[in-house]
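# Secondary and tertiary structure notes
For reference, the chains in residue letters:
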Amino acid sequence: MCTRALWADAGGAVLAGRNMDWMEETGTNLWAFPRGMARDDGLDGTLTWTSAYGSLVAGAHDLMTVDGFNEAGLAAHQLFLPESDYGERDTSRPALSVAVWMQYVLDTFATVADAAAWIESYRLQIVAQRDPSSGKPVTLHLALDDRSGDSAIVEYLDGTPRVHHDRAYTVVTNSPPFDEQLARLRTVEGLGGSEPLPGGTDPADRFARAAYYLTRLPRPGSTTEAVASLLSVMRNAAQPYRIADPDKPYASQTVWRTVADLTDGIYVYESTSRPNIVWARMSGLDLSDGAPALKLDLAHDTGLTGGLVGDVTDRFTPAPPMRFLPAR
């Protein structure tokens, strides 16, 4: 489970906030990938490419990227959607494994419009995978935003992509599918209806709260104030640490959150299990063709006693490229 909120008028900047909700720690590190990296589809190698754009991303278990943005100002966020149906594999269609799907978009496209058009016109197929630690199916949808404030939500419900493309689509959570979420949103007071603003942690409740408070943020006077304001909305839509509820198998706690400043190229990361906030500036990372992949080890951060805090751009170190989880 997760929440994404796009603030397209943050005092002249475009900011995208994201909560990562999962039933366990995700072993997340930050990665900086340069232009010119060779990639493949994670399947049979039918689809290969070389990254046209460098990117700054958050990974899960160093096996897939789940959040981040590229140097053109396009951001992508993978969120859980249990209703996802990718369909049976059709070898006549271009396909990507779930693990590499988001990274392909960041490697290849500069805008939401370009990415959305390609996904629709080529009828891109996604091949499902399982979480390597829990063994549960990883069924995801993809939220896209860019520095112009554009937005799209990509879902697979019948084996083919359904692309919801509109600048007004600033919030996305999880179940039910996006059309139903929008319909429920219109029943809430202040958003078109008369029902009170919900306070629970179910996806529809988080969707409503994020949408409500996002439209009520005051105009910030600085980048710092803008990031802090959006973090306040993301925290309101977060889920506290909790004992697993057998009646809600997809209920999870928020393990980390990010804010991506798509205008100024700043990526802010906050872990729920450590009180330190860190950020990196894309302009301070070498993303040139031929440069090595760079990694910031957050999974082993020590927290308060000598841990990472503040601007950590210069703490990234060269690392072997991420090995994306192959589909089997």
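A brief report on the enclosed structure follows. Everything numeric in this text was worked out from a predicted model, so none of it was measured.

### A word on the nonpolar core
Leu 15, Leu 56, Leu 96, Trp 101, Leu 230 and Phe 316 are the most contacted members of the largest nonpolar core, which totals 104 residues. The leading source of residues in this core is helix H1 (residues 98–108), at 8 residues. Beyond its immediate chain neighbours, meaning those up to four positions away, Phe 316 contacts Leu 30, Trp 31, Ala 32, Leu 56, Ala 280, Leu 285, Leu 294, Lys 295 and Leu 296.

### Focus on the sheet that holds strand S7 (residues 64–70)
Pairing in this open sheet of 9 strands is antiparallel, and the strands run S15-S14-S13-S8-S7-S6-S3-S20-S22 from one edge to the other. Both outer strands of the open sheet, strand S15 (161–165) and strand S22 (317–318), are each paired with one neighbouring strand and no more. Pairing geometry for strand S20 (residues 294–296) and S22, over 2 bridges, is antiparallel. If you follow Leu 294 over to S22, its bridge partner there is Pro 318. Taken strand by strand, helix H2 (residues 112–121) contacts strand S8 (74–80), strand S13 (140–146), strand S14 (151–156) and S15, and its axis lies near 155° from that of S15.

### Considering the pattern of salt bridges
On inspection of all chains with the given rule, the structure shows 12 salt bridges. The salt bridge partner of Asp 107 is Arg 39, with a shortest N-O separation of 2.8 Å. Of this pair, Asp 107 sits in helix H1 while Arg 39 sits in strand S4 (residues 38–40); the two residues are 68 residues apart in sequence, bridging distant segments of the chain. Here the two residues Asp 107 and Arg 39 agree in accessibility, since each one is buried. A salt bridge links Arg 274 to Asp 301, with the shortest nitrogen-to-oxygen separation between them at 3.3 Å.

### Here's the deal with the packing of helix H4 (residues 203–214) against helix H5 (residues 223–236)
Where H4 contacts H5, the axes come no closer than 9 Å and their chain directions differ by 155°. As the angle between them shows, H4 and H5 are arranged roughly antiparallel. Helix-helix and strand crossings are classified by hand; for H4 and H5 the assignment is right-handed. Between H4 and H5, the residues in contact are Arg 209, Ala 210, Tyr 213 and Leu 214 and Leu 230, Val 233 and Asn 236, respectively. Residue composition of the contact of H4 with H5, grouped by class: 5 nonpolar, 1 polar and 1 charged.

### Description of the sheet that holds strand S1 (residues 2–10)
If you walk across this open sheet you meet the 7 strands as S16-S1-S2-S17-S18-S19-S21, and the pairing is mixed. The open sheet has two edge strands with one neighbour each: strand S16 (171–172) and strand S21 (310–311). Bridge count for strand S18 (residues 266–271) against strand S19 (residues 277–281) is 5 bridges, and the pairing is antiparallel. Looking at the pairing, Glu 270 lines up with Ile 277 of S19.

### With respect to helix H3 (residues 178–185)
In an α-helix there are 3.6 residues to a turn, and that puts residues three or four apart on one side. For H3, the full list of buried residues reads Phe 178, Gln 181, Leu 182 and Leu 185. An end-on view of H3 places all buried positions within 100° of arc, on one side of the element. Close packing links the buried residues of H3 with S14, S15, S16 and H4.

### Describing the packing of aromatic side chains
Going through the model one piece at a time under the given rule, you end up with 14 aromatic pairs. With centroids separated by 5.1 Å and ring planes inclined at 90°, the aromatic side chains of Tyr 212 and Tyr 213 adopt a geometry described as edge-to-face. Here Tyr 212 falls in the partly exposed class, since its relative accessible area comes to 21%. Feature note: the residues Trp 49, Tyr 104, Phe 109, Trp 118 and Tyr 122 constitute an aromatic cluster, connected by ring pairs. Over the ring of Phe 33 we find Arg 39, and its NZ or CZ is 4.6 Å from the ring centre. Sitting over the ring of Tyr 212, Arg 216 keeps its end group 3.8 Å from the ring centre.

### Topic: the packing of H3 against H4
The packing of two helices is summarised by the inter-axis angle and the distance between the axes. Interaxial distance between H3 and H4 falls to 10 Å at its minimum, and their mutual angle equals 60°. The orientation of H3 with respect to H4, classified from their angle, is oblique. The chirality of how H3 crosses H4 is right-handed. Taken together, the residues of H4 that come into contact with H3 (itself represented by Phe 178, Gln 181, Leu 182, Arg 184 and Leu 185) are Pro 203, Ala 204, Phe 207, Ala 208 and Ala 211. Its residues assigned to classes, the contact of H3 with H4 comprises 8 nonpolar, 1 polar and 1 charged.

### Description of the pairing of S1
In terms of burial, S1 is a largely internal element, 7 of the 9 residues being buried. Pairing of S1 with strand S2 (residues 13–22) involves 7 bridges; the strand directions are antiparallel. Bridging across to S2, Ala 5 finds its partner in Gly 17. Where S1 folds back on S2, the antiparallel hairpin that results is connected by 2 residues, among which Gly 11 adopts a positive phi of roughly 65°. Taken together, the 2 bridges between S1 and S16 define a ladder with antiparallel strand orientation.

Calculation rules
Residues numbered from 1 in each chain as written. Predicted model: local features only at pLDDT ≥ 70, side-chain atom pairs only at ≥ 80, totals over all residues. Heavy atoms only, no water. Core = buried A, V, L, I, M, F, W, Y, C linked by side-chain atoms within 4.5 Å. Buried < 20%, exposed > 50% of the residue type's maximum accessible area, 1.4 Å probe, protein only. Helix = DSSP H or I, 4+ residues; strand = E, 2+ residues; numbered from the N terminus. Contact = heavy atoms within 4.5 Å. Pairing = 2+ DSSP bridges. Axes fitted to C-alpha atoms, helices over the stretch in contact; angles between N-to-C directions. Salt bridge = Lys/Arg side-chain N within 4 Å of Asp/Glu carboxyl O. Parallel < 35°, antiparallel > 145°, perpendicular 65-115°, else oblique. Left-handed = near helix turned anticlockwise from the far one by under 90°. Nonpolar A, V, L, I, M, F, W, Y, C, P; charged D, E, K, R; others polar. Arc of directions from axis to C-beta. Phe/Tyr/Trp six-rings, centres within 6.5 Å; stacked < 30°, edge-to-face > 60°. Lys NZ or Arg CZ within 6 Å of the ring centre and 35° of its normal.

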